[in-house]
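# Working through the structure, step by step
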Number of protein chains: 2
Amino acid sequence: MKFSTRSTYGLKAMIHLAQNWQKGSIPLSAIANNENISLGYLERIFAVLKKAKLVKSEKGASGGYALSRSPEDIDVYSIINTLEGEASSFHCVEKGDKVYCGKKCECSVEPALLKVARAISAALKDIKLSDLIG
Amino acid sequence: MKFSTRSTYGLKAMIHLAQNWQKGSIPLSAIANNENISLGYLERIFAVLKKAKLVKSEKGASGGYALSRSPEDIDVYSIINTLEGEASSFHCVEKGDKVYCGKKCECSVEPALLKVARAISAALKDIKLSDLIG
DNA sequence: TTATCTCCTACTAAATTAGTCGGTATTTTG
DNA sequence: CAAAATACCGACTAATTTAGTAGGAGATAA
């Protein structure tokens, strides 16, 4: 529930892109400077965002990144989920290794945790990038 | 947004206590066995929960822990927040009247992150332990 | 008096985080 | 064409956090 700087940086950068949605590609160096984020780290964050098709890129001078869809069509859940792995998921104890609730897990209180996780997911899905600009 | 096992264990244990709310004190060993959680780890988790006055304890044989208030009066936010530190917090977000970043940062998108954080907090505050039992 | 309990501190192995560094490939621009 | 700017890629690392263990001390009920 504490967000990592990865999520924070990623979300901030996505908001930055949303604010400049009409301007075409924005180089990461601009975002890194503006938001005071390490460029190298931001690059790796964007590799993940691109893989999830949340952003598209253009190489070369005057290249950069842009949102792959309009800000109304990207919700915060997708971003956090992409950067943090299974967003709003609890661990469930099972012998051996960890299993996420929602997969095969027989703990008695699991439905309760699932309820909580779903409430968070719903709250995040309800917030679009377009709600966070202006 | 991924919950640590600390939060997961803590929340599961709190739900366990809520389910047995009328039965008086429950020893941690019972919870640890039932939910397959390491006892020593659970003890430390409960030290935190107790400090936050979410549970009360009784020492000695036939002692144990119980919720400090009725399940209707304890929300999930309090639990997660207690165990995870500032729940639903981003880096570079206000806490009180200070801005947190680690570095000094003049982040422009901060209000947006705050909006997201508040949505999550609200969702969690809305869920009481009593909603998670039965 | 003995078995359960809470409570406390210290240690640790493993994982994750938050980077850095150095280099390659691609594209625009002077 | 050459240089600069950009995405892209992998390896390394230091610090922190996580998820425990271990070994007790003190309280209480049976």
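Above this text is the structure in question.
In this report, the structure presented in the accompanying data block is examined. (Residues numbered from 1 in each chain as written. Chains lettered and ligands numbered in written order. Predicted model: local features only at pLDDT ≥ 70, side-chain atom pairs only at ≥ 80, totals over all residues. Heavy atoms only, no water.)

## So, the protein's contact with DNA strand C
- The local shell around DNA strand C holds 25 residues, among which A:Ser38, A:Arg44, B:Lys50, B:Ser57 and B:Tyr65 are the closest.
- Restricting attention to atoms of DNA strand C within 4 Å of the protein, one finds that 69% of them are sugar or phosphate atoms.
- Here a phosphate oxygen of DNA strand C sits 2.7 Å away from a polar atom, N or O, in the side chain of A:Ser38.
- Here a base nitrogen of DNA strand C and a side-chain polar atom of B:Arg44 are 3.0 Å apart.
- Sorting the residues of the surface near DNA strand C by element identifies helix H1 (5–19) and helix H3 (39–51) of chain A together with helix H2 (28–35), helix H3 (39–51), strand E1 (55–58) and strand E2 (64–67) of chain B as the ones contributing at least two each.
- Of the residues in the surface near DNA strand C, the class split is 7 nonpolar, 10 polar and 8 charged. (Near = heavy atom within 4 Å. Polar contact = N/O pair within 3.5 Å; in protein donor to acceptor, adjacent residues only side chain to side chain. Helix = DSSP H or I, 4+ residues; strand = E, 2+ residues; numbered from the N terminus. Nonpolar A, V, L, I, M, F, W, Y, C, P; charged D, E, K, R; others polar.)

## What to know about the pairing of E1(B)
All names here are of chain B.
- By the bridge criterion, 4 bridges tie E1 to E2 in an arrangement that is antiparallel. By the bridge assignment for E2, Ser57 is matched with Tyr65.
- Taking the residues between adjacent antiparallel strands as the criterion, E1 and E2 are bridged by 5 residues, where Gly60 takes a positive phi near 80°. (Pairing = 2+ DSSP bridges.)

## What to know about H3(A)
All names here are of chain A.
- The end-to-end C-alpha distance of H3, which contains 13 residues, comes to 18 Å, matching closely the 18 Å that a straight helix rising 1.5 Å per residue would cover.
- Considered for burial, the residues of H3 that qualify are Leu42, Ile45, Phe46 and Leu49. Projection of H3 onto a plane perpendicular to its axis shows the buried side chains occupying an angular sector of 100°, all on one side. Residues of H3 that are exposed and angled more than 90 degrees away from the buried face: Arg44 and Lys51.
- Residues of H3 that are buried in the fold lie against H1, helix H2 (28–35), strand E1 (55–58), strand E2 (64–67) and helix H4 (76–84). (Expected span 1.5 Å × (residues − 1). Buried < 20%, exposed > 50% of the residue type's maximum accessible area, 1.4 Å probe, protein only. Arc of directions from axis to C-beta. Contact = heavy atoms within 4.5 Å.)

## Some details on the pattern of salt bridges
Residues and elements named next belong to chain A.
- On inspection of all chains with the given rule, the structure shows 4 salt bridges over all chains.
- Between Glu35 and Lys12 there is a salt bridge, with the nearest N and O atoms lying 3.8 Å from each other. Linking Glu35 in helix H2 with Lys12 in helix H1, this pair joins segments that are 23 residues apart in sequence. For the pair shown, Glu35 and Lys12 are each scored as buried. (Salt bridge = Lys/Arg side-chain N within 4 Å of Asp/Glu carboxyl O.)

## Overview of the protein's contact with DNA strand D
- As a matter of local geometry, DNA strand D sits amid 26 residues, with A:Lys50, A:Ser57, A:Tyr65, B:Tyr9 and B:Arg44 nearest to it.
- For DNA strand D, the backbone portion of the atoms within 4 Å of the protein, that is sugar and phosphate, comes to 69%.
- Within the backbone of A:Leu28, one N or O atom sits 3.1 Å away from a phosphate oxygen of DNA strand D.
- Contact distances for DNA strand D include 3.3 Å between a phosphate oxygen and a side-chain N or O atom of B:Tyr41.
- When contributions to the surface near DNA strand D are tallied by element, the ones reaching two or more residues are H2, H3, E1 and E2 of chain A together with helix H1 (5–19) and H3 of chain B.
- For the surface near DNA strand D, a count of residues per class yields 8 nonpolar, 10 polar and 8 charged.

## Observations concerning the nonpolar core
- Counting residues in hydrophobic clusters, the biggest one holds 70 residues, and the most contacted among them are A:Leu42, A:Phe46, B:Leu42 and B:Phe46.
- With sequence-adjacent residues up to four places away left out, A:Phe46 is seen in contact with A:Ala13, A:Leu17, A:Leu28, A:Ile31, A:Val55 and A:Tyr65. (Core = buried A, V, L, I, M, F, W, Y, C linked by side-chain atoms within 4.5 Å.)

## Looking at the environment of B:Asn34
Residues and elements named next belong to chain B.
- As for its placement among the helices and strands, Asn34 is situated in helix H2.
- Overall, Asn34 belongs to the exposed group, its relative accessible area being 52%.
- Sequence spacing of Asn34 and Ala13 is 21 residues, and the spatial spacing of their C-alpha atoms is 9.6 Å.

## Some remarks on H2(A)
Residue and element names in this part refer to chain A.
- All buried positions along H2 are accounted for by Leu28, Ile31, Ala32 and Glu35. One face of H2 carries all of its buried residues, which in axial projection span an arc of 100°.
- On its buried side, H2 packs onto H1, H3 and E2.
- Following H2 by one or two positions, Asn36 adopts a phi angle in the positive range, close to 60°.

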